[in-house]
Amino acid sequence: STTISWKYDPKDPTPSIGGCIFHPQNAGSVDNSTLEQEREDIITFTSTPLTSQLEIAGRVKVEIYASSSADSFDVFTRLCRLEPDGRSMNVCDGICRVYNEDVCTSRAA
């Protein structure tokens, strides 16, 4: 496994775009590529291109091992579909608050 480190500044929170938010014009599937490229506190993992169509059904699960110097922190994950033109369109996401070494389980919306 690989270790990845980053700094998060609570004075500069990551903007929330798309997904399950309470704003009719900004909810749903939106292009995340600009935000992913501009923010140093967003980590992305990209698979190789699929060679055939993939159907996802049921709950999506992400397993992440994380630690922090803070007493608590939030883990936000988002599954995106990368389009041939470079757009990164969100499919589903989930957030979980972790206290010390608690286990975080969150169902993607």
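Here, every reference points to the structure presented above.
Read on for an overview of the structure.

Cut-off values and rules
- Residues numbered from 1 in each chain as written.
- Predicted model: local features only at pLDDT ≥ 70, side-chain atom pairs only at ≥ 80, totals over all residues.
- Heavy atoms only, no water.
- Helix = DSSP H or I, 4+ residues; strand = E, 2+ residues; numbered from the N terminus.
- Buried < 20%, exposed > 50% of the residue type's maximum accessible area, 1.4 Å probe, protein only.
- Contact = heavy atoms within 4.5 Å.
- Areas by Shrake-Rupley, 256 points an atom, 1.4 Å probe, with all protein chains shown as cover.
- Patch = residues over 30% accessible without salt bridge, like charges linked within 9 Å, V, L, I, M, F, W, Y side chains within 5 Å.
- Salt bridge = Lys/Arg side-chain N within 4 Å of Asp/Glu carboxyl O.
- Pairing = 2+ DSSP bridges.
- Polar contact = N/O pair within 3.5 Å; in protein donor to acceptor, adjacent residues only side chain to side chain.

### Concerning the overall build of the protein chain
Okay, so step 1: The number of helices and strands found in the protein chain is 1 helix and 2 strands.
Okay, so step 2: Secondary structure of the protein chain in N-to-C order comes out as α-β-β.
Okay, so step 3: Taking all 109 residues of the protein chain together, the buried fraction comes to 16%.
Okay, so step 4: Partitioning the contacts of the protein chain with sequence separation of at least 6, the portion at a separation of at least 24 is 44%.
Okay, so step 5: As displayed, the protein chain offers around 9500 Å² of accessible surface, 51% of which is attributable to carbon and sulfur atoms.

### Some remarks on a nonpolar patch on the surface
Okay, so step 1: A contiguous nonpolar surface patch, about 550 Å² in accessible area, is contributed by I4, W6, Y8, I43 and F45.
Okay, so step 2: Positionally, W6 belongs in the segment before helix 1 (33-38).
Okay, so step 3: Look at W6 and you get partly exposed, because its relative accessible area is 47%.

### A look at the pairing of strand 2 (residues 88-99)
Okay, so step 1: With 11 bridges joining them, strand 1 (residues 72-82) and strand 2 adopt antiparallel strand pairing. Residue pairing in the sheet places R81 in a bridge with M89 of strand 2.
Okay, so step 2: Here strand 1 hands over to strand 2 after 5 residues, with G86 in that stretch at a positive phi of 100°.

### Considerations on the pattern of salt bridges
Okay, so step 1: Per the counting criterion, the structure on display carries 6 salt bridges.
Okay, so step 2: Linking R78 and D93 is a salt bridge whose minimum nitrogen-to-oxygen distance equals 2.8 Å. Here R78, found in strand 1, pairs with D93, found in strand 2; they are 15 residues apart in sequence, far enough to count as distant.
Okay, so step 3: According to the relative accessible area criterion, R78 is partly exposed, its value standing at 24%.
Okay, so step 4: One salt bridge in this structure joins E83 and R81, with 2.5 Å as the shortest N-O distance.
Okay, so step 5: Taken together, the shared-partner salt bridges connect D12, R39 and D41 into one network.

### Let's talk about the environment of E63
Okay, so step 1: Examined against the element boundaries, E63 turns out to sit in the loop between helix 1 and strand 1.
Okay, so step 2: A relative accessible area of 55% places E63 in the exposed class.
Okay, so step 3: Remark: the alpha-carbon pair of E63 and T77, spanning 14 residues in sequence, is separated by 9.9 Å.
Okay, so step 4: In terms of polar contacts, E63 uses its side chain to reach the side chain of Y65, at 2.5 Å.

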